[in-house]
Amino acid sequence: MTATIGTVDRSRGRPAEMVMTWALRNSWTIGLLGFLVVLLAFTKIIQPSYGLPGIQGLASAVLPLALATVAQAIVVISGGIDLSIGSMMALTSVVAASQMEGQSGGFGIAVVVGVLVLGLVLGAVNGGLVVVTRVPDIVVTLAMSFVWAGCALLVLKTPGGDSADWLRQLVLGSLLVPWIPKAAVILVVIVAVIWIPLRRSRLGLSMYAIGSNQLAAFRSGVSVGRTKILAYMFTGLFAALAGLSLSASTGVGTPVPGPYTLQSVAAVVLGGVSLAGGRGGVFGPIVAVVILRLVRTDMTFLNVDTNLATVAEGFILIGVVMAGSLIEMRRRRA
Amino acid sequence: MSGTTAAPAADSWRTAAAWRGLFRDRPLIPLLALLAVLVVVIALVRPGMVGPEWAGVILRTAVPLAILAGCQTLTMLTGGIDLSVGAVASMSGFVVATLVSGPGTPAGIVVALVAAALAGLVTGIGVGVFRVHPLIMTLGMSLVVLGLANVWQLQMVQTGTGVPDEFRWLGSGTFLGIIPHSLLVFVPTATVILLALRRTGYGRLLYAIGDNPIAARLSGARAWQVLVVLYVISALMAAVAGFLLAGLTNIAAVTLADSFVLPSVAAAVIGGTSIMGGRGGYGGTIVGALILTVLTSLLSALGYPEAVRQILFGSIIVAVAAAYTRITSES
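Throughout this description, residue numbers start from 1 for each chain and increase along the sequence as written. To label them, take the chains in the order written and letter them from A, then take the ligands in the order written and number them from 1. Local features are withheld for residues below a pLDDT of 70 in this predicted model, meaning they are given only at 70 or higher, and side-chain atom pairs are given and counted only at 80 or more; totals for whole chains, interfaces and linings count all residues.

**Student:** Give a description of the overall build of chain A that names residues and reports values.
**Tutor:** Helix and strand labels come from DSSP, where a helix needs a run of H or I of at least four residues and a strand needs a run of E of at least two; each type is numbered from the N terminus. The secondary structure content of chain A amounts to 15 helices and 0 strands. Compactness check: chain A gives a C-alpha radius of gyration of 20 Å against a globular reference of 20 Å for 334 residues, within 12% of the reference. With the C-alpha coordinates of chain A rotated into their principal frame, the extents come out at 55 × 50 × 40 Å. Once C-beta atoms are placed from the backbone, each residue is buried if 20 or more other C-beta atoms lie within 10 Å of its own, exposed if 12 or fewer, and partly exposed for counts between those two. Counting over 334 residues, chain A shows a buried share of 46%. Here, residues touch in the contact sense if the C-beta positions derived from the backbone fall within 7 Å of one another. Counting contacts in chain A only where the partners sit at least 6 residues apart, residues at least 24 apart contribute 80% of the total. In this treatment the radius of gyration is a C-alpha quantity, and the globule benchmark scales as 2.2 Å times the residue count to the 0.38 power.

Structure, rendered in structure tokens:
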């Protein structure tokens, strides 16, 4: 099985062609990156003092949503959707914060590991329910968002707890050179260690397969139920990472879910992942998160009402998706 | 020998199939049974609580939820969903509240309905013409509406807000202390929806588009027109629900109805409307909204803390949806 995947990968042809196919396949992400560069230049023009602190603030502000978006991207690629990500983040964040309170840094490591396992378990419950009950993903995860939020309230009634010093240091400040914010490094490392091997593995291929055509995947021997549960488990894992980053950056755990669920859906779609499943990656969505955040920052620099920034976010979401579907329609007609 | 053993087996299979058929064709029966069970449980847990007045309170609370769940039912029949109902409902109630002291309530209602219809029109064009996924389209629209409502709030900060007396009368008033005035709005709305879904061509088109969009297009249905009209209707219903909600809670806030969005989806799902489109109806949704309201009442009657209530709420939604899928799925 792995051998066949290898041959498919290798039979692409000459290097120039490979670059072209790669560029075509990732045209959306490349376009987003281009837009991000333009936006950064624009930010520098309207606010000449925008520099190191701005970039660092951007990176640490973006981290929780970026991780939540990766979580959402994984499950959406597999043909599902998880509306309980915000609640899972709240639950993992309060568990981490309440267990770390008054404990040593070494114990904190154990807590982090435990919380990541908790994320896997939460995801397994979500995925298991979707597979066993055959109720649509959106309904199951919607209902489970109540359950996880309730559990978070059981752990902590009000925002509280503490986060280990090393964890807080992990997302603040910069690494080696001041231009590299630690939060960005953390994000890149997490994605590189978990997502890239996953995508290249047989499991990753199965996830794309069940997302793009469940019946065809089943007929080619993919265990649909098992793959789906594993996809939800990875989503739970990334939601736990997002929850940890949330309590690391704020220093407390908050039992009330933030707006992360719907924002992650929006960012995933902006990042070029099809809600129908089977298409896209996690890099586009991460770039989309940074862009959305930067637009908000720019609006503050331009002294625009922050409420209008919300309006702009909505219009960007609608406009980009409309443009995307127009391109798609033209391509189909041509 | 084999004949005698096969006969009872076939018989029991037939009865099971008959039950299934009954539930599939008349989903209201098991739902009403569940509602009755919940009411009985409340009566047992808190003797004396269930009575005409309690029923009035339940009805009054359930009406806005049932209308919002109606938006979800109609959009879900076409395979869509409307997450913008919360933002549109809150915005409508809020806009009227800001215009009470100035131009007056009727003008406020007109402004709010026009604003809601515009939001619905844009959503409908996005979903119908540009084929944007309804989840994304309505999500984006709710951001736009929420942001604009906040801007409006800052503009109107001097005028102050007040929920008009008419809304309070409609949303929280009762005849004889039992029958809520909001039924004056709800009964006609529900009748129109029920009749439209069963008896009109437009209703059939909603089912057709949700069941098989390609077949619907090939048989001459203009899906985009149906969808544009649908999302305008949905936004207008959300606006009405916002009026009732403002009257019920006596609050005008731009996030008033946000917490109703997910329960409205849940009510439609419990009521047997398939989120994949083409199957369901408004009758089940109304019972679904009642079930959720009674369930909330039961959970608070039991004195559980908010946390446990949320956990039970979510679990019961999953359980009911799972039972539904099991009963109604073929084979």
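**Student:** Kindly report on the overall build of chain B, identifying the contributing residues and their values.
**Tutor:** Scanning chain B from terminus to terminus reveals 14 helices and 2 strands. Over its C-alpha trace chain B gives a radius of gyration of 21 Å, about what one expects of a compact globule, namely 20 Å for 331 residues. Projected onto the principal axes, the alpha-carbon positions of chain B cover approximately 90 × 60 × 35 Å. Burial statistics for chain B: of 331 residues in total, 50% are counted as buried. A separation threshold of at least 6 residues defines the contact pool for chain B, and within that pool the share at least 24 residues apart is 76%.

**Student:** Provide a residue-level description of the interface of chain A and chain B, including the pertinent values.
**Tutor:** In this complex, chain A contributes 37 residues to the contact, which on the side of chain B involves 39 residues. Of all the secondary structure elements, the ones that give two or more residues to the side of chain A that touches chain B are α6 (105-133), α7 (137-155), α13 (260-270) and α15 (306-333) of chain A. Amino acid classes used here: Ala, Val, Leu, Ile, Met, Phe, Trp, Tyr, Cys and Pro are nonpolar; Asp, Glu, Lys and Arg are charged; the rest, including Gly, are polar. Among the residues forming the side of chain A that touches chain B, the class breakdown is 28 nonpolar, 6 polar and 3 charged.

**Student:** How would you sum up the nonpolar core? Please name residues and give values.
**Tutor:** In this usage, the nonpolar core is the set of buried Ala, Val, Leu, Ile, Met, Phe, Trp, Tyr and Cys residues whose C-beta atoms join them within 7 Å. Judged by nonpolar contacts, the single largest core of 207 residues is most densely connected at Ala143 and Phe238 of chain A together with Leu68, Val88, Val145, Ala238 and Ala239 of chain B. If one sorts the elements of this core by residue count, helix α11 (residues 223-249) of chain B sits on top with 20 residues. Those residues in contact with Val145 of chain B that lie beyond four places of it in its chain are Ser84, Ala87, Val88, Met91 and Ala119 of chain B.

**Student:** Quick rundown of unusual backbone geometry? Include the residues and the values.
**Tutor:** All names here are of chain B. Here the phi dihedral of Arg131 falls at roughly 55 degrees; this positive angle occurs in a residue that is not glycine. For Arg131, the position within the fold is in the loop between α5 (105-128) and α6 (134-155). Look at Arg131 and you get partly exposed, because 18 C-beta atoms sit within 10 Å.

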